[in-house]
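# Report on the structure
If you want the building blocks of each chain, they are given just below.
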Amino acid sequence: MRIDVVTLFPDFMRQCAAVGVVGRAQQRELLQVQTWNPRDYATDNYRTVDGRTCGGGPGMVMLIEPLRKTLEAMREAAPKPVHLIYLSPQGARLTQGRVEALAEMPRIALLCGRYEGVDERLLAHEVDEELSIGDYVLSGGELGAAVIIDAVGRLQEGALNDAQSAEQDSFSNGLLDCPHYAKPVHDALGDVPEVLLSGDHAAIRRWRLKQSLGRTWLRRPDLLAQRALDKESRALLDEFRREHAQ
Ligand SMILES: Nc1nonc1C(=O)N1CCN(Cc2ccccn2)CC1
């Protein structure tokens, strides 16, 4: 998969994509992240990429022309058609479901706005999708782009090792994760739950699923409402609720 990133801060984006699972995915050529800086396509001596907002008011807006040239160069750089995403608070909220759909695409591009955003005419003409990583205001689209690169990159076939992919599979079903513990078994802060030391893998799986269901019920009931529970999950959640009610 190829991800192109249009950004005024290419070094930052390359560093985000160079570490951990995503960095390894790039080394394994499972993923390619390519940055494009609109300042390289600004034609004036000052490499201007922003202009005063029409109608007055504070702040600057990213100009059409440098972005148009940047997008043209980006599109021409590879034969694959590209799905262009603009990061903004006005976008649809990013979900794991959308991440999984994006991860199946051969090529996406992420347009990172700065200042007060991008000229609406450019967005209307060029952008396929607007996405938000949450209802808060950042300084630019780069952190949203980094989130998408990480969430999509780790889903590339071969990016995760067996343990990571097992974890990903067991909890990418819309539930919150269960608690995790490491040695020491006994600590001043408390003990590791006995079932995790039992070697009974079926019991451990049930315990983890019960904790995941219970946590989701306690902390994110909205996620539970979105999904049907099978017989085992319903029984485990009822058990958790009874224990929690006492
Ligand atoms: N929340 C988010 N999820 O993705 N991106 C964000 C986010 O806060 N930002 C900051 C402002 N940038 C520029 C901007 C300003 C106004 C209108 C449109 N664009 C975009 C990216």
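Summarised in this report is the structure supplied together with it. Because the structure is a prediction, the values reported are computed rather than measured. (Residues numbered from 1 in each chain as written. Predicted model: local features only at pLDDT ≥ 70, side-chain atom pairs only at ≥ 80, totals over all residues. Heavy atoms only, no water.)

### A few points about the overall build of the chain
This is how the line gets drawn: Helix and strand assignments follow DSSP, with helices taken as H or I runs no shorter than four residues and strands as E runs no shorter than two, numbered in order from the N terminus. Taken over C-alpha atoms, the radius of gyration is set against a globule rule of 2.2 Å times the number of residues to the power 0.38. Relative accessibility decides the category of a residue: with a 1.4 Å probe and only protein chains considered, values under 20% of the type maximum give buried, values over 50% give exposed, and everything between is partly exposed. In what follows, a contact means two residues having at least one pair of non-hydrogen atoms within 4.5 Å. What sets the accessible areas is the Shrake-Rupley method with a 1.4 Å probe; for residues, cover comes only from the shown protein chains. His residues and chain termini do not enter the charge count, which takes Lys and Arg as positive and Asp and Glu as negative. Note on charges: their place is set at NZ of Lys, CZ of Arg, CG of Asp or CD of Glu.
For the chain, the count of helices and strands is 10 helices and 9 strands. Over its C-alpha trace the chain gives a radius of gyration of 23 Å, far above what one expects of a compact globule, namely 18 Å for 246 residues. Counting only C-alpha atoms and orienting by the principal axes, one finds that the chain spans roughly 70 × 40 × 35 Å. Looking at the chain as a whole, 42% of its 246 residues are labelled buried. A fraction of 75% describes how many contacts in the chain between residues 6 or more apart in sequence connect residues 24 or more apart. Counting every atom, the chain has about 14200 Å² of accessible surface; 51% of that belongs to carbon and sulfur. Seen as two clouds, the 30 positive and the 36 negative side-chain charges of the chain have centres 2 Å apart.

### Let's talk about the packing of helix α4 (residues 96–103) against helix α6 (residues 142–153)
Keep this limit in mind: Lines are fitted to the C-alpha atoms to define the axes, a helix being fitted only along its stretch in contact, and any angle between axes, read from their N-to-C directions, falls within 0 to 180 degrees. Roughly parallel means an angle under 35 degrees; roughly antiparallel means over 145; roughly perpendicular covers 65 to 115; every other angle is labelled oblique. Amino acids outside the nonpolar list (Ala, Val, Leu, Ile, Met, Phe, Trp, Tyr, Cys, Pro) and the charged list (Asp, Glu, Lys, Arg) are all regarded as polar, and Gly is one of them.
α6 packs onto α4 with a crossing angle of 70° between their chain directions and a minimal axis gap of 9 Å. By the criterion of interaxial angle, the relationship of α4 to α6 is roughly perpendicular. Counted together, V99, L102 and A103 of α4 and I148, A151 and V152 of α6 form the full contact between these two elements. Looking at the contact of α4 with α6 residue by residue, the classes come out as 6 nonpolar, no polar and no charged.

### Structural notes on the sheet that holds strand β2 (residues 32–36)
Selection criterion: Only strands joined by at least two bridges in the DSSP assignment are considered to pair.
In space, the 5 strands of this open sheet follow the order β2-β1-β6-β5-β7, with parallel pairing throughout. Two strands lie at the open edges of the sheet, namely β2 and β7 (129–132), each paired on one side alone. In this sheet, neighbouring strand axes are inclined to one another by 35° on average, regardless of whether the strands run parallel or antiparallel. The pairing of strand β1 (residues 2–6) with β2 spans 5 bridges and is parallel. The residue bridging V5 from the neighbouring strand is T35, located in β2.

### Some points on the side chain of T7
Stated precisely, the cut-off is as follows: The definition of a polar contact used here is a pair of N or O atoms within 3.5 Å, where within protein one atom must be able to donate a hydrogen and the other to accept one, and adjacent residues in sequence count solely through side-chain atom pairs.
Within the fold, T7 resides in the loop between β1 and α1 (10–16). Within the structure, T7 has its side chain in polar contact with the backbone nitrogen of F9 (distance 2.8 Å). Contact partners of T7, with chain neighbours within four places excluded, come to M13, W36, N37, P38, C112 and E142.

### Description of the packing of aromatic side chains
Aromatic ring pairs are defined here through the distance separating the ring centres and the angle between the ring planes. Inclusion rule: Pairs were defined over the aromatic rings of Phe, Tyr and Trp, the Trp ring being its six-membered one, requiring ring centres within 6.5 Å. Orientation was assigned from the angle between planes: stacked under 30 degrees, edge-to-face over 60, tilted for the rest.
As enumerated under the stated definition, the model contains 2 aromatic pairs in all. Measuring from centroid to centroid gives 6.2 Å for W217 and F240, while their planes differ by 85°, and the two rings are edge-to-face. Taken together, the residues span a long stretch of sequence, with W217 in helix α8 (residues 201–219) and F240 in helix α10 (residues 231–245) at a distance of 23 residues. Overall, W217 belongs to the partly exposed group, its relative accessible area being 27%.

### Points about the site of the ligand
Put simply, the rule reads: For this purpose, a residue is taken to be near a molecule or strand whenever a single non-hydrogen atom of the residue falls within 4 Å of it.
As a structural note, the neighbourhood of the ligand is formed by 18 residues, with Y86, I133, G134, Y136 and L138 the closest of them. One nitrogen or oxygen atom from the main chain of G134 is found 3.1 Å from a nitrogen atom belonging to the ligand. In the model, a nitrogen atom of the ligand is placed 2.9 Å from a nitrogen or oxygen of the Y136 main chain. Within the complex, the protein chains bury 90% of what would otherwise be the 460 Å² of accessible surface of the ligand. In terms of residues, the shell around the ligand owes the most to one element, strand β5 (residues 83–93), which gives 5 residues.

### Re α10
Operational definition: A helix is expected to reach a length of 1.5 Å times the quantity of its residues less one. Arc, as used here, means the arc of the directions from the helix axis to the C-beta atoms.
In a regular helix each residue adds 1.5 Å, so 15 residues correspond to 21 Å; α10 covers 21 Å between its end C-alpha atoms and thus fits that length. Residues of α10 that are buried: S233, L236, L237 and F240. The arc that holds the buried residues of α10, viewed along the axis, is 100°, so those residues lie on one side. In α10, the exposed positions that point more than 90 degrees away from the buried face belong to K231, R242 and A245. If you follow the buried residues of α10, they end up packed against α8 and α9 (221–225).

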